[in-house]
Amino acid sequence: MNELLLGLADDELVIGWRDSEWTGIAPMLEEDVAFSSIAQNEIGHARAVYELLADDADALAFDRPLEEYRCAPLVELRLLDWAHTIARRWLYEEADRVRIAALKDDADPAVAGLAAKIDREEVYHRIHAEMWHERLRNEPRFRDAVADLWPYALGVLPPEQRAELALRVGLDEVEAIERGAHTDELAELWDEMTSVRRSAPSGAQW
Amino acid sequence: MVSAEQVWAAFSEIPDPEIPVVSLVDLGVIRSVDVRDGHVRVEFTPTFLGCPALEVMKRALEEKVAALGAEPEVQVISDDSWSTDKITPAGREKLRAAGFAPPAPRETSAPQLVQLQSNVFRCPYCGSTQTRLENIFGPTPCRSLRYCESCRQPFEQFKTI
């Protein structure tokens, strides 16, 4: 199993899940729509990458024990504060664009083609994140949120891609919070995320 | 024996599950149809990867092929070969007539906020370009929300991808 791609798929699945938690309760109706739509895209990206890795994407997505998930701690955090939520969206999109750009040059045409497709869709996520960044970047609460999440954002990328991220967001590299160990919040999310699958192991029919 | 023309004609009757005014052929999501000895191989490209209608469309393609008495094989191709530029001229006109502004052409560089905020997007109701961006995101991943300052009509604008 390609660990880098599995990490990407797990990140997209889990951030999609976290973004969808704003559906219905975002501070503005526009953001309700935006977060729901972004979440739908991210989960679609996760599905497409799982399909590259396995014949049964649902089985790969939902039948693994918690410790086998490869997502970065950044996406696992349950954020209830808007400043942190926007800071994560901005940092995540900036990190994601660095790794997706690299995957567009992958030697495997299936990987490169999918990365190009994902990149097209994420243009709109980046515009959304940049719009909010522009609006909030001088606000102390937002700056604190970015500082809190910065070590997590670095952990989204392999070490060789981190300098580029630091340059893009204008922050100095610090010690990253690495992929591998999971936050306590993921256990609760895993329980919710896999509950349908565990209740109908042969596949739920709708 | 079934012909490729018959298969394409049958596919042009499949409405998009979310915007039924256009067919899957209008949308340009069918990349190829290959007919061989009663076996029909179809390459199908999703619009957006998170499109919830993907399975429904795939099944509809299979059913049409089966109804022609052939064996379907529908392959979903998740690469960058589909873009909103693949929507046919007839498809664009059907969208516009139904109140959906068709997408702007894909350019070499990715769209930017300043472009989305510019008033080059035409209202599908009155034709005015005095329209403003309300939300990059809309009811489905493929659409944005805009508002026409001239006829005061909110409308949905197809994103360019």
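Every chain begins its residue count from 1, and numbering advances along the sequence as written. The order in which chains are written sets their letters, starting at A; the order in which ligands are written sets their numbers, starting at 1. Given that the model is predicted, a residue must reach a pLDDT of at least 70 before its local features are reported, and side-chain atom pairs must reach 80 or more before they are shown or counted; all residues, however, enter totals for whole chains, interfaces and linings.

(A) Broad picture of the overall build of chain A. Secondary structure elements follow DSSP: runs of H or I no shorter than four residues count as helices, runs of E no shorter than two count as strands, and numbering proceeds from the N terminus. Scanning chain A from N- to C-terminus turns up 10 helices and zero strands. Over its C-alpha trace chain A gives a radius of gyration of 16 Å, about what one expects of a compact globule, namely 17 Å for 206 residues. By its C-alpha atoms, chain A is 50 × 40 × 30 Å across when sized along the principal axes. Remark: C-beta atoms are placed from the backbone, and a residue is labelled buried if 20 or more other C-beta atoms sit within 10 Å of its own, exposed if 12 or fewer do, or partly exposed between those counts. The 206 residues of chain A split such that 41% are buried. Whether two residues are in contact is decided by their C-beta atoms, placed from the backbone, lying within 7 Å. Within chain A, residue pairs in contact and separated by at least 24 positions form 69% of the contacts whose partners lie at least 6 positions apart. The quantity called the radius of gyration is restricted to C-alpha atoms. Its globule counterpart is 2.2 Å times the number of residues to the power 0.38.

(B) Spatial organisation of the nonpolar core. A set of buried Ala, Val, Leu, Ile, Met, Phe, Trp, Tyr and Cys residues, joined through C-beta atoms within 7 Å, is what we mean by a nonpolar core. Judged by nonpolar contacts, the single largest core of 84 residues is most densely connected at Leu-74, Leu-149 and Ala-153 of chain A. Ranked by residue count, the leading element in this core is helix 2 (residues 29-53) of chain A, at nine residues. Structurally, this core is a two-domain feature, drawing no fewer than three residues from each of domain 1 (4-76) and domain 2 (92-158) of chain B. Every residue in contact with Leu-74 of chain A, bar those within four places of it in the chain, is listed here: Arg-88, Tyr-92, Leu-149, Tyr-152, Ala-153, Gly-155 and Val-156 of chain A. These domain boundaries are the output of an automatic or database domain assignment.

(C) Region of the structure containing the sheet that holds strand 4 (residues 100-101) of chain B. All names here are of chain B. Pairing between two strands requires that DSSP report at least two bridges joining them. Taken together, the four strands give an open sheet; going across it, the order is 4-7-6-5, and neighbouring strands pair in mixed fashion. The strands lining the two open edges of the sheet, one partner per strand, are strand 4 and strand 5 (131-135). Bridge count for strand 6 (residues 143-148) against strand 7 (residues 154-158) is five bridges, and the pairing is antiparallel. For Tyr-147, the partnering residue across the bridge sits in strand 7 and is Pro-154.

(D) Quick look at the sheet that holds strand 2 (residues 39-44) of chain B. Residue and element names in this part refer to chain B. With mixed pairing, the three strands of this open sheet are ordered in space as 1-2-3. Each edge of the open sheet is held by one strand with a lone partner, namely strand 1 (30-36) and strand 3 (71-76). Averaged over all neighbouring strand pairs, the angle between strand axes comes to 15°, with direction disregarded. Inspection of the sheet shows strand 2 paired to strand 3 by six bridges, in the parallel sense. Bridge pairing in strand 3 places Val-40 opposite Pro-72. Only the stretch in contact is used when fitting a helix axis, every axis being a line fitted to C-alpha atoms; angles between N-to-C directions are given from 0 to 180 degrees.

(E) Structural context of the packing of helix 1 (residues 3-20) of chain A against helix 2 of chain A. Residue and element names in this part refer to chain A. Closest axis-to-axis distance for the helix 1/helix 2 pair is 8 Å, and the angle between their directions is 155°. Taken as axis vectors, helix 1 and helix 2 run roughly antiparallel relative to one another. The hand of the helix 1/helix 2 crossing is left-handed. The residues of helix 2 that touch helix 1, namely those facing Leu-5, Leu-6, Leu-8, Ala-9, Glu-12, Leu-13, Ile-15, Gly-16, Asp-19 and Ser-20, are Phe-35, Ser-36, Ile-38, Ala-39, Glu-42, Ile-43, His-45, Ala-46, Val-49, Tyr-50, Leu-52 and Leu-53. In this classification, the charged set is Asp, Glu, Lys and Arg, the nonpolar set is Ala, Val, Leu, Ile, Met, Phe, Trp, Tyr, Cys and Pro, and all remaining amino acids, among them Gly, are polar. Of the residues contributing to the contact of helix 1 with helix 2, the split by class is 15 nonpolar, four polar and three charged. In these notes the angle categories are as follows: under 35 degrees is roughly parallel, over 145 is roughly antiparallel, 65 to 115 is roughly perpendicular, and the rest is oblique. Left-handed describes a crossing whose near helix is turned anticlockwise from the far helix through less than a right angle; right-handed describes the clockwise counterpart.

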